[in-house]
Protein chains: 2
Amino acid sequence: MPASPLAPAWLSEPSDANALAEGVWPASAHRDETGGAVVGGVSVREVVARFGTPLLVIDEDEVRGRARRTVAAFSAAAAARGTSARVYYAGKAFLSTEIARWVTAEGMRVDVCTQGELEVALAAGVPAEHLGFHGNNKSVAELRRAVETGVGTIVLDSEIELERLSRIAADAGRTQAVLIRVNTGVHAETHHFLATAHEDQKFGFPLAEAARIVERIRRAPGLRFDGLHCHIGSQIFGTDGFRESAARLLEVLSIVGDGGEPAPILNLGGGFGIAYTSADEATPIEQLADGILEVVAAESAARGIPVPVVAFEPGRSIVGTAGVTLYEVGTTKDVTVDTETGPAVRRYVSVDGGMSDNARHALYGADFSARIASRVSEAGTQLVRVVGKHCESGDVVVDAEYLPDDVSPGDLLAVPVTGAYCQPLSSNYNHVPRPPVVAVRDGAARVIVHGETVTDLLARDAGLHPSRGEE
Amino acid sequence: MPASPLAPAWLSEPSDANALAEGVWPASAHRDETGGAVVGGVSVREVVARFGTPLLVIDEDEVRGRARRTVAAFSAAAAARGTSARVYYAGKAFLSTEIARWVTAEGMRVDVCTQGELEVALAAGVPAEHLGFHGNNKSVAELRRAVETGVGTIVLDSEIELERLSRIAADAGRTQAVLIRVNTGVHAETHHFLATAHEDQKFGFPLAEAARIVERIRRAPGLRFDGLHCHIGSQIFGTDGFRESAARLLEVLSIVGDGGEPAPILNLGGGFGIAYTSADEATPIEQLADGILEVVAAESAARGIPVPVVAFEPGRSIVGTAGVTLYEVGTTKDVTVDTETGPAVRRYVSVDGGMSDNARHALYGADFSARIASRVSEAGTQLVRVVGKHCESGDVVVDAEYLPDDVSPGDLLAVPVTGAYCQPLSSNYNHVPRPPVVAVRDGAARVIVHGETVTDLLARDAGLHPSRGEE
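Residues numbered from 1 in each chain as written. Chains lettered and ligands numbered in written order. Predicted model: local features only at pLDDT ≥ 70, side-chain atom pairs only at ≥ 80, totals over all residues. Heavy atoms only, no water.

In the nomenclature of an unreviewed UniProt entry, chain A corresponds to Diaminopimelate decarboxylase from the organism Microbacterium limosum. UniProt, in its Catalytic activity (unreviewed entry) section for chain A, records the words "meso-2,6-diaminopimelate + H(+) = L-lysine + CO2". (UniProt positions renumbered as here; feature names shortened; annotations may be inferred.)

Structural data, given as structure tokens:
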């Protein structure tokens, strides 16, 4: 069958529209003898029978394995250059106490950026000294709470914050270790990077100001300069952008010297790309770690400074591939669309969730894939668009995918790679309750984030529940 | 002072950067003798002292006045052509029991598109026969609940749904009135419209299929054909798109005849544009109503059919301008950006909310304006970008605005026109609690939607609260 003229260039027609692509699905995913998909040893039909749809399933071993492998890769690459590595889990990707426990048990630290994320990490038992605190506008209350709980590192983002934190830490009789977020001028995305002098964004200090800010910190009561931080982008598949930004930050470190402080930290942020569809191929983390540490060592040597302790902040690459969202198909509809080669059919497959549980296509135009999860089909393929149930034409979950032609109401549809930035960005648009999150491992399933009910949503309505103590 | 080279073409430098622009702010908005903004007779400084920031303030009289004026405009325009008008409030724009009570007290009906929205409307005491139920993927449970509660009209979206609803209504011994959602091929946005034969979207039936679907409904047990429905877009400032789509639907009505049923309804949806900034000018609703009804009457006469009952579904134009979000400024930062005419400064003003309470810029690139609300300033102006506190560079609330040059941490910043599609799309991204919604009227303020606390967010974490009855 020829490819649909409506298919985007990157999407090839699969030889088997039942296949659970390696690197896109959790490593544990397979189909059992009935044809139903199994993740973490749990049949998706069974987990749906128990918890309903929509449902976000997280493969615990996938999260733990990626955390372990990432820590090992950076530790080995650092050790080979005579230094060490700190690997923080970027909590913004998806944080709950369970996830914080898994990643810290595998050797990661945790990055937070609000009091809410801080409280989750603390409640999970993450040692405060293993926490990093980010953000362009941390409130006074957030900074106080971070200082008083002993957060290991606070990443300073502005001069206003520098003064604010100095006062708070000094008042509390503490010395707070800080990094400086620097705009290196390097923007990396997928396979390319762009390097500029000025960055038009809300985060950080310009590169040209960094040395001056280090000196301000060294004079400020209550603060200790611990190093530099940058974050150059998302979904990055190579090392070039990291190498360029590392070189720029090492130049700053060579200028400011060690000031008698412990050897400074070079935190290069996160952004390691993962495969959202079969068209993507993630770079092995060992290759990224080695490529980045190689340049850090070489650029340090060229400047005659010791190789700094390095730090990284992966989030998506730890938890993204571990998540699979399960929906039930509600309706299907063939829509004829005019194309340059004549009319073509796009099948709209409507599921019982949408942009409320996965806003990534609506927000970023992100691509995903989909599979019928409840059965295998011998039917030919049909180009589909998976859409949600919201009253909005932009409510698209999977823009383009080939599915078996017999996809029907009642089928379970699985969208993999929804472990990162789906639950955190979820809303109650159209008063749709947010789904539960269920962890699967060794054949067992358990709720890690409770789902909502319509009753939960109505509890915020003050016309029905006048008193909740705000007034 | 020359305009900033970073300002978009539509943004002019204001003569007074303290002015609360007419049509952008609620009609009640003004500054009191201290310079602080007042909405609904309530000082924003006082409402913030009581409820904190961020805070969504809704001017009740603005909502009621717009509802009343819209109903009056369509009723008068319809009566002048010998027919009547039904005006539904599109609940998706922002629904709570209080808002449902206000708009229905002013003569509106209510549109819902999920069970959640249905329950809010019913809990508010909206008569079920005054409800319309929309959506491309209503579940069996939702359709059952709609039929059993006596929802006035269900808008059919697919043949699968037609069969489903026929079965449900017949089983319940009911006759359910239905409209057919038709893709007229007309897409309207702001001042332009586009007309095509085929529409590449998830909603509705193709125009060419509409007559066949009417016949299917007439043969289906449990259903009664009540008319046609279309929705042609958002933020529409003229009548041309409505006129073209009305003509196309009247052609279908002339073909299918009245079938012995009550005179069919012509529901032309919503989409009436409002002013988000001073650069926009909303078309008076009376002018829209008259222009649309004129063509409905003329096209009906041309086909020799009676002028149908007309229906409309405004949401944004009822509630959008009534909402003002109040933030506290946390940090400001001047960023130098390279432009064609040399380096220019953009000031980033960070507030204590962001894309979690207003996702419209992140989702749609929507423009908003901003004002310092706690005081007036005699300072010159500075081009700013208002950004949130989320760990994401796309976390922009107001992309470009001129504010007084002395805007500082601690200032209250107000962003008007946030009454529609902000609260409904709000999330807990970065574990940020969603703000309360406070109605103001005649100098009094009261909560209509409760805000959340970090404790509320942690209540969904099953690692901390294992049992909530799901299992």
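So, next bit.
If you look at the interface, chain B gives 94 residues, while chain A gives 94 residues. Here chain B packs against chain A, burying approximately 7,800 Å² in sum over the two surfaces, 51% of which is carbon and sulfur. The largest per-residue losses of area from chain B upon contact with chain A belong to Lys202, His450 and Arg460 of chain B, which jointly make up 11% of the total buried on that side. The interface formed by chain B and chain A holds 10 salt bridges in total. With a shortest N-O distance of 2.8 Å, Asp200 of chain B and Arg346 of chain A are connected by a salt bridge. (Contact = heavy atoms within 4.5 Å. Buried area = accessible area lost by both parts, 1.4 Å probe. Salt bridge = Lys/Arg side-chain N within 4 Å of Asp/Glu carboxyl O.)

This part takes up the nonpolar core. Grouped together as the largest cluster of nonpolar side chains are 181 residues, with contacts concentrated most on Tyr89 and Leu268 of chain A together with Tyr89 and Leu268 of chain B. Setting aside residues no more than four positions away along its own chain, Leu268 of chain A makes contact with Cys230, Phe242, Ser245, Ala246, Leu249, Ile292, Val296, Ala311 and Phe312 of chain A. (Core = buried A, V, L, I, M, F, W, Y, C linked by side-chain atoms within 4.5 Å. Buried < 20%, exposed > 50% of the residue type's maximum accessible area, 1.4 Å probe, protein only.)

According to UniProt, the feature "active site" (unreviewed entry) maps to Cys391 of chain A in the numbering used here. Contacts of Cys391 of chain A, omitting those with residues within four sequence positions, involve Tyr429 and Asn430 of chain A together with Lys92, Cys113, His134 and Phe203 of chain B.

Attention now goes to the domain arrangement of chain A. All names here are of chain A. When cut into domains, chain A gives domain 1 (30-59 + 321-458) and domain 2 (80-319). Domain 1 and domain 2 are separated by 34 Å when their C-alpha centres are compared. Taken residue by residue, the interface counts 20 residues in domain 1 and 13 residues in domain 2. Of the roughly 1,500 Å² buried between domain 1 and domain 2 on both sides combined, carbon and sulfur atoms contribute 62%. (Domains from an automatic or database assignment.)

Residues and elements named next belong to chain A. Pairing in this open sheet of three strands is antiparallel, and the strands run 1-2-3 from one edge to the other. The outermost strands of the open sheet, each flanked by one partner alone, are strand 1 (30-31) and strand 3 (42-43). Looking at chain direction, strand 2 (residues 37-39) and strand 3 are connected through two bridges and run antiparallel. Each residue of the ladder has a partner; that of Val38, found in strand 3, is Ser43. (Pairing = 2+ DSSP bridges. Helix = DSSP H or I, 4+ residues; strand = E, 2+ residues; numbered from the N terminus.)

With that settled, the discussion passes to the relation of the copies chain B and chain A. In screw terms, the move from chain B to chain A is a rotation of 180° and a rise of 0.0 Å along the axis, fitting with an RMSD of 0.0 Å. What the superposition gives is, in effect, a two-fold axis relating one chain to the other. (Least-squares fit on C-alpha atoms with pLDDT ≥ 70 in both.)

Attention now moves to the pattern of salt bridges. Residue and element names in this part refer to chain A. Counted under the stated rule, the structure contains 72 salt bridges over all chains. With its nearest N and O atoms 3.2 Å apart, the salt bridge here joins Asp405 to Arg347. You can see Asp405 sitting in the loop between strand 21 (396-404) and strand 22 (412-416) and its partner Arg347 sitting in strand 18 (residues 342-351), a full 58 residues away along the chain. Since its relative accessible area comes to 36%, Asp405 is described here as partly exposed. Judged by relative accessible area, which is 9%, Arg347 ranks as buried.

Let's shift gears to helix 7 (residues 210-219) of chain B. Residue and element names in this part refer to chain B. Listing the buried residues of helix 7 in full gives Ala210, Ile213, Val214 and Ile217. Mapping the buried residues of helix 7 onto a view down its axis gives an arc of 105°, with all of them on the same face. The secondary structure elements touched by the buried residues of helix 7 are strand 8 (153-156), helix 6 (159-171), strand 9 (176-183), strand 12 (205-206), strand 13 (223-229) and helix 8 (240-256). (Arc of directions from axis to C-beta.)

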